[in-house]
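Results of the structural survey
As a plain string of letters, each chain reads:
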Amino acid sequence: MGRKIIVTGGGHGGITAAMLLAKNGFDVTVFEKNSRENMGHDWTDIFDKKGFTELGLELPSKELYKLKHDMTFYGPAMQTALHQNTPADQLEIQMERRDIYNYIIGKAEDAGVKLVYDCEVVAPILFGNRVVGIKTSGGDEFADLVIDACGMDSPVRRALPESLGIQNEAIEYEQFYVYRAFWNKTAEVEDIDKFKVLMLPEGKLGISWIATEEEHTDVLIGRFLPLDTDEVDRTMDVLRLSNPSIGTQILRGGQFVKIPVRQPLGVLVADGYAAIGDSAFMTVPIIGSGIANSFKAARILADAIVADKDEAYSAESLWKYQTEFYKRIGSGLAPLACVKLMLTRLEGHELDYIFATGILNADDMTIGADSTNLASMLGGMSFDDIKIKLGGLINDKTVLKKVVRMGLELVKATAVTAAMPKKYDRTAVLKWVKEYNECFKQ
Ligand SMILES: Cc1cc2nc3c(=O)[nH]c(=O)nc-3n(C[C@H](O)[C@H](O)[C@H](O)COP(=O)(O)OP(=O)(O)OC[C@H]3O[C@@H](n4cnc5c(N)ncnc54)[C@H](O)[C@@H]3O)c2cc1C
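Residues numbered from 1 in each chain as written. Predicted model: local features only at pLDDT ≥ 70, side-chain atom pairs only at ≥ 80, totals over all residues.

Structural notes on the pairing of strand β7 (residues 93-96)
Only one face of β7 is covered, namely the face carrying Ile93 and Met95; the face carrying Gln94 and Glu96 is uncovered. Here strand β4 (residues 65-67) pairs with β7 via 3 bridges, running antiparallel. Among the inter-strand pairings, Leu67 is bridged to a residue of β7, identified as Ile93. (Buried ≥ 20, exposed ≤ 12 C-beta atoms within 10 Å, placed from the backbone. Helix = DSSP H or I, 4+ residues; strand = E, 2+ residues; numbered from the N terminus. Pairing = 2+ DSSP bridges.)

Have a look at this one:
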């Protein structure tokens, strides 16, 4: 048996990293706070199916997924409809979260991963600056490496000492507060409105989506500030007025949850420690998708661990994971965090103006499977093309100011991300991460 690895949290990133490492002979145990039956939310997810290929897995059987509907975006005035037209090869798939879990957990078990359910991870155990294990509801556990896959409120990441340069908490405007439920469907809708996304609805900082499916109507209400039941009830009443397909009976879901919508964690590793998935804020900041990125990061992390022939699993040897993740994924996500910040600064009428004047058009909103950086989201436009497009279209001075501010922040974030130290040296890394975090201030 190879060296011992603990994975905290059985999400998409944790399970798949565990699977890849067990296939490489490591002794891997996943500690998950939920029972097996309660793993995953009772709803569907949309993601890039190439995530499975990255993991070396064949696609699940065809009955388990379908292609996602194109979305139609509306500003608060509901006047301009921007309907996506995603090319067939860029369409993401929609799959039940429970089926995704069944599939990856099955593969992890086949590879020899041990899964311990109903076991809450409480804190890391440190020896000096090295993470050597975890405290759990079932007792202390020790390992050569701890992979933190506990999600955005990870108690492991949160308790790490400041001296490691790993940001403990997400701050305001970096988390999206979401309520999602499947309601009984009470009407059919036109094709164009099968998946409606309302941006800054009623001028509120957030989005609502209404996806009218065959058997239910999927409603998501997301805000940058915490949501409560009264606000959900009020918003549902407003949505029903213009969306006759939303009934009053909840069929599935109905939970309050959070999604990270920010730049990836600046430092992903420490001695004996690596963060992955939502623990490391790997979601696409504007749209909150994190599944495919978690799968891709699992592959990058497993490769870095396998390549560490000295079996040190130190910050130095795991830095390969950090640099490769940023090269392939993180450097595209960081600038998108600047775009998200700009969106949080917009007034409702300013977004209406942006939609009405075509500053953002249907092509720009066509976010496909490979849209994990700004250029690909804007149809492959170069930064110079973007500047020309914006310069020619924006006559509103306040909007222009906000867009220019975003442009400057974006250029800085891109440059700072690219200047990440090539090798791990604590002093250089701490200096770099301070600068990186500074790029994303609201
Ligand atoms: C409403 C909603 C809709 C979403 N839709 C999509 C979508 O359509 N497409 C997409 O790509 N992404 C979507 N996401 C984001 C996606 O769910 C995450 O990015 C992805 O699941 C991250 O995987 P992860 O490995 O970080 O694990 P997570 O899903 O964050 O799971 C963490 C795991 O750790 C466990 N855990 C937490 N704390 C502890 C503890 N203390 N001890 C032990 N175990 C613990 C949890 O129970 C959970 O199993 C959505 C998220 C939400 C909330």
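Observations regarding the site of the ligand
Looking at the ligand, there are 34 residues lining it, with Gly9, Gly11, Gly151, Gly277 and Gly290 nearest. Breaking the shell around the ligand down by element, the ones donating at least two residues are α1 (12-23), β3 (44-47), β13 (175-185), β17 (246-260) and α6 (291-307). Residue composition of the shell around the ligand, grouped by class: 12 nonpolar, 16 polar and 6 charged. (Near = placed C-beta within 6 Å. Nonpolar A, V, L, I, M, F, W, Y, C, P; charged D, E, K, R; others polar.)

As for helix α11 (residues 397-418)
The terminal C-alpha atoms of α11 lie 31 Å apart, and with 22 residues this matches the ideal 32 Å at 1.5 Å per residue to within 8%. Among all positions of α11, only Val399, Lys402, Val403, Leu410, Ala413 and Thr417 are buried. Burial along α11 is one-sided: seen end-on, the buried residues are contained in an arc of 95 degrees. In this structure, α11 carries Lys397, Lys401, Leu408 and Ala415 as exposed residues pointing more than 90 degrees from its buried face. (Expected span 1.5 Å × (residues − 1). Arc of directions from axis to C-beta.)

Some words on the environment of Cys338
Position of Cys338 among the secondary structure elements: in helix α7 (residues 315-345). When the C-alpha atoms of Cys338 and Arg405 are compared, they prove to be 9.5 Å apart, with 67 residues separating the residues in sequence. In contact with Cys338, not counting residues within four places along its chain, are Met406, Glu409, Leu410 and Ala413. (Contact = placed C-beta atoms within 7 Å.)

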